[in-house]
Amino acid sequence: MPNFAYRGRNGAGEIVRGIMEGATAAAVADLLFGSGVTPMEIKPTTASSDKAGRGAGVGIALFKQKVEHMDVLLFSRQLHTLLRAGVPIMRALAGLQESSTNPAMRDVLQDVRQSLDSGRELSLSLARHPTVFSPFYLSMVRVGEMTGRLEEVFLRMFDHLAFERFMQDQVKSALRYPSFVVAAMGIAIVIVNLFVIPAFAKVFKGFGAELPLMTRLLIGFSDFMLAWWPALLLGIVAGFFGFKAWVKTPRGRYTWDRIKLKIPIAGKIVRKATLARFAASFALASRSGVPIIQALTNVAETVNNAYIADKVEKMRDGVERGESILRTSISAGVFTPVVLQMIAVGEESGALDDMMKEVADMYQSEVEYELKTLAQQIEPILIISLGIMVLILALGIFLPLWDLGKVTMKK
């Protein structure tokens, strides 16, 4: 989203300035009003915010350490423990601020304490840092404030964030070996074409005979890389950054997220992981008393997949028109028959949150199994690809030598 530089007055009448992310200037104004700041000027800017939402007077510093996922995870767990023990919220935040090892997190907690001290609610105080606390997180805190079950909400958010971290770690671990092999193969291809084949090409030219087709193809490709390697390198770099820029556009991200679901082997894992995140978020919101329409709106922002998020938003629109969750789930076209059956049972029995939790656990178990066997599924593809590469190199390099040997033996 674009950044907007703003100037306004806080509750004490002091001038505050900052930079905040938002879809439009009006959206930024709404966020500022919600955080107790009356905007006087809002204009687009190309500067980036250091944890947008510091805008109520907190200085922006370059090269400052960022708030990590683990910081928010620990914050949720520790705050739950302190609130359950009866510690007042201000005292709890002060203790967490002193014990935090991340300076950025200490700054966030300091600003939250100051905001609470000025009379704002906890959800509004946390909303001043939208890049630290997600809309779903803020929505859950707001529900906890309304229902008086704030400590329970923080425990559920801890479980939710721990699940998110587990999924990310599992994916990284599973892709580490295949990525290393693919990178090694790419480096080997470059070295062979730039250094090995040109040396053999000089020898083959001395034969004075027609070379086999495979050898001519290898030499031609090697000559192409030698002559055009700057353009190839520039094209790869330009393609990489062009792809990143394209993915950042709404249309590009939607298209890429849809393509990811169709990639062999990896696509089904991405789909199941995304739906596990959806089901877990929906179950958490439902158990906390969030209305279904609001829950679907918040969940759409947590699935981290624009294509699935669009399907969830269409489900919300269907529910707003009076359709059942089951009917909208069928129309979405992303759920398996087993999941649809569990949704039907949950909706009929009034225990939809329990059924969605079962769906999340089921998908999580399937994702864990898929990730554990991912290396085994990819290994045959890597071996076949490596074998084909070695076969091409062997045929291209050794066939001329073999022909030369036969000619020498005949003489």
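Since the structure is predicted, the reported quantities are computational estimates derived from the model, not experimental observations.

**Quick word on the overall build of the chain**
Thought 1: What the chain contains, in helices and strands, is 16 helices and 3 strands.
Thought 2: Counting across all 411 residues of the chain, residues that qualify as buried make up 40%.
Thought 3: Total accessible area on the chain stands at roughly 22,400 Å², and carbon and sulfur atoms take up 62% of it.

**Thoughts on the pairing of strand 1 (residues 3–9)**
Thought 1: Burial of strand 1 is extensive: 5 of the 7 residues sit out of reach of the surface.
Thought 2: Relative to strand 2 (residues 15–21), strand 1 runs antiparallel, the two sharing 7 bridges. The residue of strand 2 that forms the bridge with Gly 8 is Val 16.
Thought 3: Bridge analysis of strand 1 against strand 3 (residues 38–45) gives 7 bridges, and the strand direction is antiparallel.

**Re the confidence of the model for the chain**
Thought 1: Confidence along the chain averages 80 in pLDDT terms, with 88% of residues attaining 70 or more.
Thought 2: Taken together, the stretch residues 49–62 has pLDDT below 50 and engages in 41 contacts with residues farther than four places along the chain or on a different chain.

**Here's the deal with the sheet that holds strand 2**
Thought 1: The strand order 2-1-3 describes an open sheet built from 3 strands, whose pairing is antiparallel. The sheet is open, and its two edges are formed by strand 2 and strand 3, each paired on a single side. The sheet shows a mean angle of 20 degrees between the axes of neighbouring strands, direction not considered.

**A closer look at the nonpolar core**
Thought 1: Within the largest apolar cluster, 81 residues are counted, with the highest numbers of intra-cluster contacts made by Phe 75, Phe 133, Tyr 137, Phe 154, Phe 278 and Phe 335.
Thought 2: In this view, Phe 278 contacts Leu 296, Val 299, Val 303, Val 312, Met 315, Phe 335 and Met 356; residues no more than four positions away in its chain are not counted.
Thought 3: Val 192, Ala 201, Leu 211 and Ile 219 belong to the second-largest nonpolar core, a separate cluster that totals 8 residues.

**Comments concerning helix 2 (residues 69–84)**
Thought 1: Between its terminal C-alpha atoms helix 2 stretches 23 Å, which fits the 22 Å expected from 16 residues at 1.5 Å a residue.
Thought 2: Taken as a whole, helix 2 has its buried residues at Asp 71, Val 72, Leu 73, Phe 75, Ser 76, Leu 79, His 80 and Leu 83.
Thought 3: Taken together, the buried residues of helix 2 touch helix 3 (89–99), helix 4 (103–117), helix 6 (135–147) and helix 7 (150–205).
Thought 4: Phi turns positive, to about 90 degrees, at Gly 86, one or two residues after helix 2.

**A look at the packing of helix 2 against helix 3**
Thought 1: Following both chains from N to C, one finds helix 2 and helix 3 inclined at 140 degrees, their axes separated by 10 Å at the closest point. As judged from the angle between their axes, helix 2 and helix 3 are oblique. In this structure, the crossing between helix 2 and helix 3 has a hand that is right-handed. The residues of helix 3 that touch helix 2, namely those facing Phe 75, Gln 78, Leu 79, Leu 82 and Leu 83, are Ile 89, Ala 92, Leu 93 and Leu 96.

**So, the pattern of salt bridges**
Thought 1: Summed over the entire model, instances satisfying the criterion amount to 11 salt bridges.
Thought 2: Two residues, Glu 370 and Lys 272, come together in a salt bridge whose shortest N-O distance is 3.4 Å. Within this pair, whereas Glu 370 is found in helix 15 (residues 352–372), its partner Lys 272 is found in helix 10 (residues 266–287), the two being separated by 98 residues in sequence. Lys 272 matches Glu 370 in its accessibility class, with the two residues each being buried.
Thought 3: Asp 361 serves as the salt-bridge partner of Lys 357, at 2.9 Å between the closest nitrogen and oxygen. Note that Lys 357 and Asp 361 are positioned in helix 15 at a spacing of 4 residues, about one turn of the helix.
Thought 4: Via salt bridges that share partners, Lys 268, Lys 272, Glu 366 and Glu 370 belong to a single interconnected network.

**Some points on a nonpolar patch on the surface**
Thought 1: The grouping of Ile 189, Phe 221, Phe 224, Trp 228 and Leu 232 at the surface amounts to a nonpolar patch, some 470 Å² of accessible area in total.
Thought 2: In terms of residue count, helix 8 (residues 213–248) provides more of the nonpolar patch than any other element does, 4 residues in total.
Thought 3: By the element assignment, Phe 221 lies in helix 8.

**Thoughts on the environment of Gln 110**
Thought 1: Structurally, Gln 110 can be placed in helix 4.
Thought 2: Taking relative accessible area as the criterion, Gln 110 reaches 27% and is therefore assigned partly exposed.
Thought 3: With 14 residues separating them in the primary sequence, Gln 110 and Leu 96 have C-alpha atoms 9.9 Å apart.

**Some points on the packing of aromatic side chains**
Thought 1: Counted under the stated rule, the structure contains 10 aromatic pairs.
Thought 2: The interplanar angle of 45 degrees and the centroid separation of 6.0 Å between the aromatic rings of Phe 243 and Trp 246 together place this pair among those described as tilted. Here Trp 246 and Phe 243 lie together in helix 8, a separation of 3 residues that amounts to about one turn.
Thought 3: Taken together, the ring pairs in this structure connect Phe 75, Phe 133, Tyr 137 and Phe 154 into an aromatic cluster.
Thought 4: Taking the ring centre of Phe 158 as reference, the NZ or CZ of Arg 77 above it sits at 5.3 Å.

**Focus: helix 4**
Thought 1: Its 15 residues place the ends of helix 4 21 Å apart at the C-alpha level, agreeing with the 21 Å of an ideal helix rising 1.5 Å per residue.
Thought 2: Among the residues of helix 4, Ala 104, Met 105, Val 108, Leu 109, Asp 111, Val 112, Ser 115 and Leu 116 are the ones counted as buried. Mapping the buried residues of helix 4 onto a view down its axis gives an arc of 160 degrees, with all of them on the same face.
Thought 3: Packing partners of the buried residues in helix 4 comprise helix 2, helix 3 and helix 5 (122–127).
Thought 4: Near the N-terminus of helix 4, the side chain that reaches the backbone nitrogen of Ala 104, with its oxygen 3.0 Å away, is that of Asn 102.
Thought 5: A positive phi of about 105 degrees marks Gly 119, the residue just after helix 4.

**A few points about the side chain of Lys 311**
Thought 1: Within the element layout of this structure, Lys 311 appears in helix 12 (residues 306–320).
Thought 2: This buried residue, Lys 311, is left without a salt bridge; Asp 310 holds the nearest opposite charge, at 5.6 Å.
Thought 3: Non-local contacts of Lys 311, meaning those with residues more than four positions away in its chain, are made with Ala 332 and Val 334.

Cut-offs used in this document
The written sequence of each chain sets the order in which its residues are numbered from 1. Reporting of local features is limited, given that this is a predicted model, to residues whose pLDDT is at least 70; pairs of side-chain atoms are given and counted only at 80 or more, and all residues count toward the totals for whole chains, interfaces and linings. The side-chain figures draw on all heavy atoms in the structure; neither hydrogens nor water molecules are used. The secondary structure listing takes helices from DSSP runs of H or I that are at least 4 residues long and strands from runs of E that are at least 2 residues long, numbered from the N terminus. Only protein chains enter the calculation, and the probe is 1.4 Å; a residue is then buried if its accessible area is under 20% of its type maximum, exposed if over 50%, and partly exposed in between. Accessibility throughout is a Shrake-Rupley quantity obtained with a 1.4 Å probe, and a residue counts as covered only by protein chains that appear here. The pairing criterion for strands is at least two bridges between them, as found by DSSP. Confidence of the predictor in every single residue is expressed as pLDDT, which spans 0 to 100. Any two residues whose heavy atoms approach within 4.5 Å at even a single point are treated as in contact. For helices, the fitted line uses only the C-alpha atoms of the stretch in contact; every axis is such a line through C-alpha atoms, and the angle between N-to-C directions lies from 0 to 180 degrees. Within this scheme, the nonpolar core is defined by two criteria: the residues are buried Ala, Val, Leu, Ile, Met, Phe, Trp, Tyr or Cys, and they are joined through side-chain atoms within 4.5 Å. The span you would expect from a helix comes to 1.5 Å times its residue count less one. Roughly parallel covers angles under 35 degrees, roughly antiparallel covers those over 145, roughly perpendicular covers 65 to 115, and oblique covers all other angles. For any pair of crossing helices, the crossing counts as left-handed if the nearer helix is rotated counterclockwise from the farther one by less than a right angle, and right-handed if it is rotated clockwise. Salt bridges are defined by distance alone: a side-chain nitrogen of Lys or Arg within 4 Å of a carboxyl oxygen of Asp or Glu. Patch definition: residues with relative accessible area over 30% and no salt bridge; like charges joined within 9 Å; nonpolar side chains (Val, Leu, Ile, Met, Phe, Trp, Tyr) joined within 5 Å. Note on aromatic pairs: the rings of Phe, Tyr and Trp (six-membered ring only in Trp) are paired at centre separations within 6.5 Å, and the planes decide the class, stacked below 30 degrees, edge-to-face beyond 60, tilted for the rest. Over a ring means this: the NZ of a Lys or the CZ of an Arg is within 6 Å of the ring centre and within 35 degrees of the ring normal. The directions from the helix axis to the C-beta atoms form the arc being described. Counting of polar contacts relies on pairs of N or O atoms within 3.5 Å, with two restrictions inside protein: one atom must be capable of donating a hydrogen and the other of accepting it, and residues adjacent in sequence are counted only when both atoms are side-chain atoms. A positive count includes Lys and Arg, and a negative count includes Asp and Glu. His and the chain ends are not counted in either.

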